[in-house]
Amino acid sequence: MSDTDSFIEEVTEEVRRDRMFTYMRRYGWIAVTFVVVLVGGAAVNEYFKATALSDAQANGDSVVAALSKNDVSERIAALEALQANPAEAQTVVDLLLATEQLSTGDRAASAATLEGISAFSVEQPAIYNQIALFKSVLARGAEASVEERRALLAPLASPGAPLALLAQEQLALLDLEEGNAEAAMVKLQNINADASVTAGLRQRTSRLIVALGGDLPELAAPAVSQ
């Protein structure tokens, strides 16, 4: 290689180096910002994970401590004093509180606790609100009129709703309460024939159908393998 070619190569390399440094000075902040955001985002994510885990452990310990009390009034007082985070955790606490209140025969207090959950808050999944609403109807019992209970249960009994079959069972019981055995029978048979019915619910509806003088569909005999 001649001295001229060597000189040209050195100059070219210097130009490339200068150009690279120019780009770094001009755009290097973008790369630095990206790294900072990436590292910072990971740190924030880990912080929130740790906080959520800590909150869950604290909530669990508090609930266990409250339920471990021997006297029901002390359990109720301890659960009432709990302020759990996030909203779903507080909902679980309130459901436990309502159960304890109902065990003392205080239907009004239990229903009031459940109705506080069932306001269809956007802060938590709708299923929690639906469970609370369903349990509040059961807690009220005959203290609420048939019309009031039917109006609350009707949306829950819609096809495809998570609690549809359980709500339909309660609607059938309301039909019986009003003396309308025929309407109750139709609902019970529809529940019994639903592919998603649980074994416990099918057993309850079957007993009612038989008690009302209805017939149960015969189950197909299992096929015998050859």
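One can find the structure itself at the top, above this paragraph.
First, a word on scope: everything that follows refers to the structure included in this document. (Residues numbered from 1 in each chain as written. Predicted model: local features only at pLDDT ≥ 70, side-chain atom pairs only at ≥ 80, totals over all residues. Heavy atoms only, no water.)

### Section: the nonpolar core
Logical step 1: Counting residues in each nonpolar core, the largest one holds 11 residues, listed as L133, F134, V137, V146, L153, L156, A157, L163, A167, L171 and L174.
Logical step 2: Counting 10 residues, the second largest nonpolar core, distinct from the first, contains I76, A78, L79 and L97. (Core = buried A, V, L, I, M, F, W, Y, C linked by side-chain atoms within 4.5 Å. Buried < 20%, exposed > 50% of the residue type's maximum accessible area, 1.4 Å probe, protein only.)

### Examining helix 8 (residues 181-193)
Logical step 1: For helix 8, built from 13 residues, the straight-helix expectation of 18 Å at 1.5 Å per residue is met to within 8% by its first-to-last C-alpha distance of 18 Å.
Logical step 2: Residues A184, M185, L188, I191 and N192 constitute the buried set of helix 8. Summarising the axial view, the buried residues of helix 8 lie within an arc of 130 degrees, below the 170-degree limit, and thus occupy one face. Turned more than 90 degrees away from the buried face of helix 8, the exposed residues are E182 and A193. (Helix = DSSP H or I, 4+ residues; strand = E, 2+ residues; numbered from the N terminus. Expected span 1.5 Å × (residues − 1). Arc of directions from axis to C-beta.)

### Observations regarding the packing of helix 7 (residues 164-177) against helix 8
Logical step 1: Where helix 7 meets helix 8, the axes come as close as 7 Å, and the angle between the chain directions of the two elements is 160 degrees. Classified by the angle their axes make, helix 7 and helix 8 are roughly antiparallel. Note on packing geometry: the crossing formed by helix 7 with helix 8 is left-handed. Along its contact with helix 7, which presents L165, Q168, E169, L171, A172, D175 and L176, the element helix 8 presents A181, A183, A184, K187, L188 and I191. (Axes fitted to C-alpha atoms, helices over the stretch in contact; angles between N-to-C directions. Parallel < 35°, antiparallel > 145°, perpendicular 65-115°, else oblique. Left-handed = near helix turned anticlockwise from the far one by under 90°. Contact = heavy atoms within 4.5 Å.)

### Re the side chain of D94
Logical step 1: Mapped onto the fold, D94 is located in helix 3 (residues 87-103).
Logical step 2: Here D94 is buried and forms no salt bridge, its nearest opposite-charge partner K135 lying at an N-O distance of 13 Å.
Logical step 3: Look past the residues within four positions of D94 in its chain and what remains in contact with it is T113 and I117. (Lys, Arg positive; Asp, Glu negative; His and termini not counted. Salt bridge = Lys/Arg side-chain N within 4 Å of Asp/Glu carboxyl O.)

### Description of the packing of helix 3 against helix 4 (residues 107-117)
Logical step 1: With their axes 8 Å apart at the nearest point, helix 3 and helix 4 run at an angle of 165 degrees to one another. Classed by the angle they form, the pair helix 3 and helix 4 counts as roughly antiparallel. When you trace helix 3 past helix 4, the crossing you get is left-handed. Contacts between helix 3 and helix 4 involve T91, D94, L95, L97, A98, Q101 and L102 on the former and, on the latter, R107, A109, S110, T113, L114 and I117.
Logical step 2: Residues belonging to the contact of helix 3 with helix 4 are distributed by class as follows: seven nonpolar, four polar and two charged. (Nonpolar A, V, L, I, M, F, W, Y, C, P; charged D, E, K, R; others polar.)

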